[in-house]
Amino acid sequence: MTQLTIIGSTGSIGRNTLKVVEHLSSRFTVFALSAHSSMELLAEQTGAFHPKVVAVADETRMQEYRNHCSQRGVPLPEIVIGEDGLRAVASAAEVNTVVSAAVGAAGLVPTYAAVSAGKTVALANKEAMVLAGELLSLVASRTGARIIPVDSEHSALDQCLRSGQRGEVQRLILTASGGPFRETPADRLPFVTPEDALNHPTWKMGRRITIDSATMMNKGLEVIEARWLFDIPAERVDIMVHPQSIVHSMVEFTDGSTIAQLGTADMRQPIQYALTWPERLESCVPRLDWKDVGRLDFMAPDIDKFPCIDLAYRAIRTGGTAPAVVNAADEIAVAAFLDGQIAFTGIARLIESALDARDSHSAADSVEAILAADMWARTFARKWVKDSAL
């Protein structure tokens, strides 16, 4: 039995991971679960999957979790708290695989702990690779940890890369739905509402990633992630808008062949691929019905309309902690937009201002340096929002 720790078990990826565990119950058992705020759901998951350990944010959440378990008659597992607790469940000797699905920069600490401990990491927290891709790659090479992407696009690239040698790769092509504003005129974007931006045409996701899809910052962050996951320069990672979201990504090889991975828009498929790699097992995901596919469209993204893409490329060219600054500024900007403090187009302006304001970017060679840059960017972004609020 493969023993799992699931960081962020109450989020979308965490819930889907547990569906895969249910489907493959003869292969997987849950050693630990963690959640930040959804204590009622965490108690429900505890009753269903019987983890030995549960990690929560603080003493207040712990008491809330205890109460929910008591109400449900669920026996209490061992409870650990805060960052130390996350490190413990991510590096525990009993654990084979860590599913890193926490939202935002909070996922870096447990991901780093898991990689340092030589675990297999099913990585759904793209921010960990954006902030610390160089560091995580270096540590993984030392410890023998394997990082397998869960994002549908990077999972697709991983699958396509199995068709050839790394030296034969010409470029990686990340596909993008284009989000809810693909066809919206640029002059309308300053006036779109959070409700408009949260209405994604394809995926049901968390609030931040849905807004990142609307600005296409998610694709920019995915370029940074791909650079480190697959050890390929960012200038050889391209983006193509593909509204049908059937082709999840492609790899072009030096002989001109392009290999694509296609499938339904269901996160259980890339989650199961990461958990069972290198095997492929029968899944519970609906098959792609080719009779219903119809046409497949591809077009280049509008960089002028979606400037966040270029800001991400700029960050990876700058190097060091610049990607950490971009990610943190984006996280604050998205929250400010959702709270009605800035306009939709203010998200890109804030990120650009943060990049401009940081005169030098130190090497991203330690978690401390990365988190210091993250903190600086958050402080800068909050002040920018306050000074620029609608």
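Rules used in this analysis
- Residues numbered from 1 in each chain as written.
- Predicted model: local features only at pLDDT ≥ 70, side-chain atom pairs only at ≥ 80, totals over all residues.
- Heavy atoms only, no water.
- Helix = DSSP H or I, 4+ residues; strand = E, 2+ residues; numbered from the N terminus.
- Rg over C-alpha atoms; globule rule 2.2 N^0.38 Å.
- Buried < 20%, exposed > 50% of the residue type's maximum accessible area, 1.4 Å probe, protein only.
- Polar contact = N/O pair within 3.5 Å; in protein donor to acceptor, adjacent residues only side chain to side chain.
- Axes fitted to C-alpha atoms, helices over the stretch in contact; angles between N-to-C directions.
- Parallel < 35°, antiparallel > 145°, perpendicular 65-115°, else oblique.
- Left-handed = near helix turned anticlockwise from the far one by under 90°.
- Contact = heavy atoms within 4.5 Å.
- Nonpolar A, V, L, I, M, F, W, Y, C, P; charged D, E, K, R; others polar.
- Pairing = 2+ DSSP bridges.
- Salt bridge = Lys/Arg side-chain N within 4 Å of Asp/Glu carboxyl O.

### As for the overall build of the protein chain
Helices and strands together make up the secondary structure of the protein chain, namely 15 helices and 11 strands. At 20 Å, the protein chain has a C-alpha radius of gyration in line with the 21 Å of a compact globule built from 390 residues. Its C-alpha atoms give the protein chain principal-axis dimensions of roughly 55 × 50 × 40 Å. For the protein chain, the residues scored as buried account for 56% of the 390 residues in total.

### What to know about the environment of R236
Of note, R236 is situated in the loop between α10 (217-229) and β9 (237-241). Taking C-alpha positions, R236 is 27 Å from V367, a pair spaced 131 residues apart along the chain. Of note is the side chain of R236, whose polar atom sits 3.0 Å from the backbone oxygen of Q170.

### Digging into the packing of helix α12 (residues 308-318) against helix α14 (residues 346-357)
The interhelical angle for the contact between α12 and α14, taken along N-to-C directions, is 20°, at an axis separation of 10 Å. In terms of orientation, α12 and α14 fall into the roughly parallel class. Crossing geometry of α12 relative to α14 is assigned as left-handed. In contact with C308, L311 and R314 of α12, α14 contributes A348, I351, E352, L355 and D356. The class makeup of the residues in the contact of α12 with α14 is 5 nonpolar, no polar and 3 charged.

### Quick notes on the sheet that holds strand β11 (residues 258-262)
Strand order across the open sheet formed by 4 strands is β9-β8-β10-β11, with mixed pairing between neighbours. One side of each edge strand has no neighbouring strand; the edge strands of this open sheet are β9 and β11. For this sheet, the mean angle separating the axes of adjacent strands, direction not counted, is 20°. Sheet topology places strand β8 (residues 169-176) next to strand β10 (residues 247-253); 5 bridges connect them, and they run antiparallel. Bridging from a neighbouring strand, L172 pairs with V251 of β10.

### Brief notes about the pattern of salt bridges
All told, the structure shown has 25 salt bridges when counted by the stated rule. With a shortest N-O distance of 2.7 Å, K219 and E222 are connected by a salt bridge. Of this pair, K219 and E222 both sit in helix α10, 3 residues apart, roughly one helical turn. A residue is classified by how much of its surface remains accessible, and K219, at 2% relative accessible area, is buried. For D297, the salt bridge goes to R295, with nearest N and O atoms at 2.8 Å. Sharing partners across several salt bridges, the network here consists of E127, R208, D212, D330, E331, D374 and R378.

### Looking at the packing of helix α7 (residues 152-161) against helix α11 (residues 268-276)
Where α7 contacts α11, the axes come no closer than 9 Å and their chain directions differ by 50°. Classed by the angle they form, the pair α7 and α11 counts as oblique. When the axes of α7 and α11 are compared, the crossing they make is left-handed. Residue-level contacts link S152, S155, D158 and Q159 of α7 to Q269, P270 and Y273 of α11. Split into classes, the residues belonging to the contact of α7 with α11 amount to 2 nonpolar, 4 polar and 1 charged.

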